[in-house]
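Summary of structural features
Read off the chains here:
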Amino acid sequence: MSALFTPLTLRSLEIPNRVWMSPMCMYSAASDGPDTGAPTDFHLTHLASRAAGGAGLVMAEATGVRPDGRISPWDLGLWNDRQQEAFARVTAAVKAHGSVPAVQLAHAGRKASVDKPWLSDRYLPEVEGGYRAVAPSAVAFDGLPVPHELTVDEIQQLVRDFAASAERALAAGFQVAEVHGAHGYLINSFLSPASNHRTDAYGGSFDNRIRFALEVVDAVRAVWPDELPVFFRTSATDWLTENAEDDREGWTGDDTVRLAKELQAHGVDLLDVSSGGMVPDARILTGPGYQVPFAAQARTATGLATGAVGMITDPRHAEEIVAGGQADAVLLARELLRDPYWPQHAALELGAETRWPDQYAYVVRRRTKR
């Protein structure tokens, strides 16, 4: 039997297989008006089609917990009733295809308020519909404006914002909430010494730098049902400290193991392991599965379930990752844009049972038997 196509149970939730859809920003929501941040028919089609394609879990893109937490003005949000109601259509469609709907709750921090990447990816000032970025320290990212350094009161409000969005996510029908702590966005920028220069209880020591992340996790876990899992996405390394030719101090794989132990104690059920995003010029040696060792390291050291991401495109490679115990699931992003039915095709290649919708199955299976 294929390990990739066996169910995974986290708490009381059974996820039908180990091929999951990673969150990917589509920059396709309304940027102003009453439907700001609400998923559209495009998002419904985009996410439901990956469920029909056989992904066991389908995760909506980085979803802002407040207006100024979006990467771009066209990102999804979950801070009002209109957004919550629109998301309910999406979760119902994903469930109808037998998949688990998940959402990534996010705040972009100092990387907020930028244009769509296929237009310019430049910073958008308030006069162009943008908003002021915030961060743990007044340290800009790669030519973007210097962000506002958050006060302690503002940090505590952000913790409440994450909890409020988690409550809305649950009401909208999501079964998994993921806290976005990666790619140089707000929570990640608290974790890394490359971006966090604070000298109060939220900066300096490792314990202080992880404080905000744990407070957000505690707040989300407090409103999320005990029987449903909470994920945390991390950048396992900034790719700075490990590079002998780079004298900048950053977050490391060993730091991720330490964080994973804390997250596990605070009720996180799976660590979604990515990397990078803190600085634009880090030297990253990429290749198929180049981030998998970080997922394996955290899993081995803590026993916490992990998800592996990054240039996993071959079904047999994905099977090896799961069967070999390097991770409990693989999350695909760009490959599922190229081929929404990758899980179905992978199941056929690995000799596993496919999960085609009935409307497709009687035709597709008939042809595969010829």
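In the block above lies the structure referred to throughout.
Predicted model, so just to flag it, every value in this text is computed and none were measured.

Cut-offs applied
Residues numbered from 1 in each chain as written. Predicted model: local features only at pLDDT ≥ 70, side-chain atom pairs only at ≥ 80, totals over all residues. Heavy atoms only, no water. Helix = DSSP H or I, 4+ residues; strand = E, 2+ residues; numbered from the N terminus. Rg over C-alpha atoms; globule rule 2.2 N^0.38 Å. Contact = heavy atoms within 4.5 Å. Areas by Shrake-Rupley, 256 points an atom, 1.4 Å probe, with all protein chains shown as cover. Buried < 20%, exposed > 50% of the residue type's maximum accessible area, 1.4 Å probe, protein only. Arc of directions from axis to C-beta. Polar contact = N/O pair within 3.5 Å; in protein donor to acceptor, adjacent residues only side chain to side chain. Core = buried A, V, L, I, M, F, W, Y, C linked by side-chain atoms within 4.5 Å. Axes fitted to C-alpha atoms, helices over the stretch in contact; angles between N-to-C directions. Parallel < 35°, antiparallel > 145°, perpendicular 65-115°, else oblique. Nonpolar A, V, L, I, M, F, W, Y, C, P; charged D, E, K, R; others polar. Pairing = 2+ DSSP bridges. Expected span 1.5 Å × (residues − 1).

1. A few points about the overall build of the protein chain
Looking only at helices and strands, the protein chain features 12 helices and 12 strands. Computed over C-alpha atoms, the radius of gyration of the protein chain comes to 20 Å, within 12% of the 21 Å expected from 2.2 N^0.38 for 370 residues, which places it in the range of a compact globule. C-alpha extents for the protein chain along the principal axes are approximately 65 × 50 × 40 Å. Partitioning the contacts of the protein chain with sequence separation of at least 6, the portion at a separation of at least 24 is 70%. For the protein chain, the exposed surface amounts to about 14,700 Å²; the carbon and sulfur share of it is 49%.

2. Regarding unusual backbone geometry
Residue D121 is not a glycine yet carries a positive backbone phi of 65 degrees. As for its placement among the helices and strands, D121 is situated in the loop between β5 (100-106) and β6 (134-135). What makes D121 partly exposed here is its relative accessible area of 45%. At H183, a position not held by glycine, the phi torsion is positive, near 60 degrees. With respect to the secondary-structure elements, H183 resides in the loop between β8 (176-181) and α4 (186-191).

3. Quick notes on helix α9 (residues 315-323)
Since the α-helix advances by 3.6 residues per turn, residues separated by three or four positions end up pointing in the same direction. If you check which residues of α9 are buried, you get P315, A318, E319, I321 and V322. For α9, the angular spread of the buried residues around the axis is 160 degrees, confining them to a single face. Looking at α9, the residues exposed on the side facing more than 90 degrees away from the buried face are E320 and A323. Considering only its buried residues, α9 is in contact with α8 (292-302), β11 (305-309), β12 (329-332) and α11 (342-350). The N-capping residue of α9, defined by a side-chain oxygen 3.0 Å from the backbone nitrogen of R316, is D314. Positive phi appears at G325, one or two residues downstream of α9, with a value of about 75 degrees.

4. Concerning the nonpolar core
Ranked by internal contacts, the top residues of the largest apolar core, which has 101 residues, are W20, L57, F212 and F232. Core analysis: the next-biggest nonpolar cluster, separate from the first, contains 15 residues, Y27, I71, L124 and A133 among them.

5. Examining the packing of α9 against α11
Contact geometry for α9 and α11: axes closest at 9 Å, N-to-C directions at 80 degrees. Compared by their axis directions, α9 and α11 come out roughly perpendicular. Residues P315, R316, A318 and E319 of α9 lie in contact with α11, whose contacting residues are W342, A346, E349 and L350. Each residue belonging to the contact of α9 with α11 can be placed in one class, and the counts come to five nonpolar, no polar and three charged.

6. Digging into the sheet that holds strand β10 (residues 270-274)
Reading around the barrel, the eight strands line up as β3-β4-β5-β8-β9-β10-β11-β12 and close back on themselves, with parallel pairing between neighbours. On average, each strand axis in the sheet is inclined to that of its neighbour by 30 degrees, with strand direction left out of account. As paired strands, strand β9 (residues 230-235) and β10 are joined by five bridges and run parallel to one another. The residue bridging S235 from the neighbouring strand is S274, located in β10.

7. Some thoughts on helix α1 (residues 41-52)
Over its 12 residues, α1 extends 16 Å from the first C-alpha to the last, a length consistent with the 16 Å expected when each residue adds 1.5 Å. Most of α1 sits inside the fold, with nine of its 12 residues counted as buried. Considered for burial, the residues of α1 that qualify are H43, L44, H46, L47, A48, S49, R50, A51 and A52. Looking at the buried side of α1, the elements it contacts are β3 (19-21), β4 (57-64), α2 (81-96), α10 (334-338) and α11. In this structure T40 caps α1, since a side-chain oxygen of it lies 3.2 Å from the backbone nitrogen of F42. Phi for G54, located one or two positions after α1, is positive at around 105 degrees.

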